[in-house]
Amino acid sequence: MFERFTQDGRNSVILAQEESRRLRHGFIGPEHLLLGLAATTAGAAGEALAAAGLQISDLRLRVAAKDAEPDEPLDAEALATLGIDLDVVRRTTEAAFGPGALDRRRGMPRGHLPFAPDAKKSLELALREAVRLKSREIASGHVLLGILRAGDNTAVRVLADAGTDIQQLREDVIRRLSPAA
Amino acid sequence: MNEGVQLAEAASGQDPGNGLRAVRALRDLTERLETLQVDNARAHGWSWQEIAVFLGVSKQAVHKKHARRGRR
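Below or above, wherever it landed, is the structure these notes cover.

Cut-offs and rules
- Residues numbered from 1 in each chain as written.
- Chains lettered and ligands numbered in written order.
- Predicted model: local features only at pLDDT ≥ 70, side-chain atom pairs only at ≥ 80, totals over all residues.
- Helix = DSSP H or I, 4+ residues; strand = E, 2+ residues; numbered from the N terminus.
- Buried ≥ 20, exposed ≤ 12 C-beta atoms within 10 Å, placed from the backbone.
- Contact = placed C-beta atoms within 7 Å.
- Core = buried A, V, L, I, M, F, W, Y, C linked by C-beta atoms within 7 Å.
- Axes fitted to C-alpha atoms, helices over the stretch in contact; angles between N-to-C directions.
- Parallel < 35°, antiparallel > 145°, perpendicular 65-115°, else oblique.
- Left-handed = near helix turned anticlockwise from the far one by under 90°.
- Nonpolar A, V, L, I, M, F, W, Y, C, P; charged D, E, K, R; others polar.
- Expected span 1.5 Å × (residues − 1).

Observations regarding the overall build of chain A
And then number 1: Looking only at helices and strands, one finds 10 helices and 0 strands in chain A.
And then number 2: Helices (α) and strands (β) of chain A occur, in sequence order from the N terminus, as α-α-α-α-α-α-α-α-α-α.
And then number 3: Out of the 181 residues belonging to chain A, those deemed buried represent 40%.
And then number 4: If you take every contact in chain A between residues at least 6 apart in sequence, the share linking residues at least 24 apart comes to 67%.

Pasting the structure below:
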């Protein structure tokens, strides 16, 4: 899938995986691709994001806040009022699925993290942007354009919340992608 | 102890706070169990369609909710 990526395009995806791991999200979404792009300072995307005043530290906080899923303990007391003994439920699930099955966070896959459907969509659109801009390879800039083109995803929402002018960012990336005049 | 009566009392009880808290606790528990069971079904090679039939929801709904977690 990534054979057509330039070095900075590839780096941004590798870094996206690291960003997801850092947040313990277990999947690569458009928001992690965005963080990967921001971390790839050498590419057109990283340059454009920096020029738009977007700091990776700030973006990380925003992504973490967007995706935060509070992992609260189950309310044993309230369940008891319904006649449900949480300890019994816990015992039966642990018997089937192992210790802590009912209480552990969503599993953290080892190895490669899977791409979420909307991240795949962004990468497909990145390819289309590359074709449209007559590039034979997919660079970080095309990945950013793909994310932006996808419209409603967490990455775009994070950028909008940060006060980014999406249209202006898009134009800036395209300018940086074109061979120096 | 009749659990059905207890459930009806708490879930439709006079005190909204107690009732709502009970409903939420039940929903949280249901979500955890659903996650475990869907992951287990996938690990056993079940299709999203099969899982959806058993959960009584559409294939799209179950896929949208659970596919993102990724396959292990």
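Quick look at the nonpolar core
And then number 1: Ranked by size, the top nonpolar core spans 41 residues in total, and within it L33, L34, A38, V143 and L144 of chain A carry the most contacts.
And then number 2: If you list the elements that add at least two residues to this core, you get α1 (7-22), α2 (30-39), α3 (44-51), α4 (56-67), α7 (117-132), α8 (140-149), α9 (154-161) and α10 (166-177) of chain A.
And then number 3: No other element matches α2 of chain A, which puts 6 residues into this core.
And then number 4: The next biggest cluster of nonpolar side chains, apart from the first, holds 8 residues, and it includes I84 of chain A together with A22, A25 and L29 of chain B.

Here's the deal with unusual backbone geometry
Residue and element names in this part refer to chain A.
And then number 1: The backbone phi angle of K134 is positive, close to 55°, even though this residue is not glycine.
And then number 2: Within the secondary structure, K134 sits in the loop between α7 and α8.
And then number 3: Using a count of 7 C-beta atoms within 10 Å as the deciding quantity, one classes K134 as exposed.

Regarding the packing of α8 of chain A against α10 of chain A
All names here are of chain A.
And then number 1: Running from N to C, α8 and α10 point in directions that differ by 155°, and their axes come no closer than 10 Å. Between α8 and α10, the angle falls in the class roughly antiparallel. Judged by the twist between their axes, the crossing of α8 over α10 is left-handed. Residues G141, L144, L145 and L148 of α8 form the contact with α10, whose participating residues are I166, L169, R170, V173, R176 and L177.
And then number 2: Across the contact of α8 with α10, the residue classes break down as 7 nonpolar, 1 polar and 2 charged.

Comments concerning α10 of chain A
And then number 1: With 12 residues, α10 of chain A should cover 16 Å at 1.5 Å per step; its first-to-last C-alpha distance of 16 Å lies within 8% of that length.
And then number 2: Against the buried residues of α10 of chain A lie α3 and α8 of chain A.

A closer look at the environment of P73 of chain A
And then number 1: Considering the arrangement of structural elements, one finds P73 of chain A in the loop between α4 and α5 (76-81).
And then number 2: Put simply, P73 of chain A and L102 of chain A are 29 residues apart on the chain and 9.9 Å apart in space, counted from C-alpha to C-alpha.

Without other data, these values stay purely geometric and don't point to any function.
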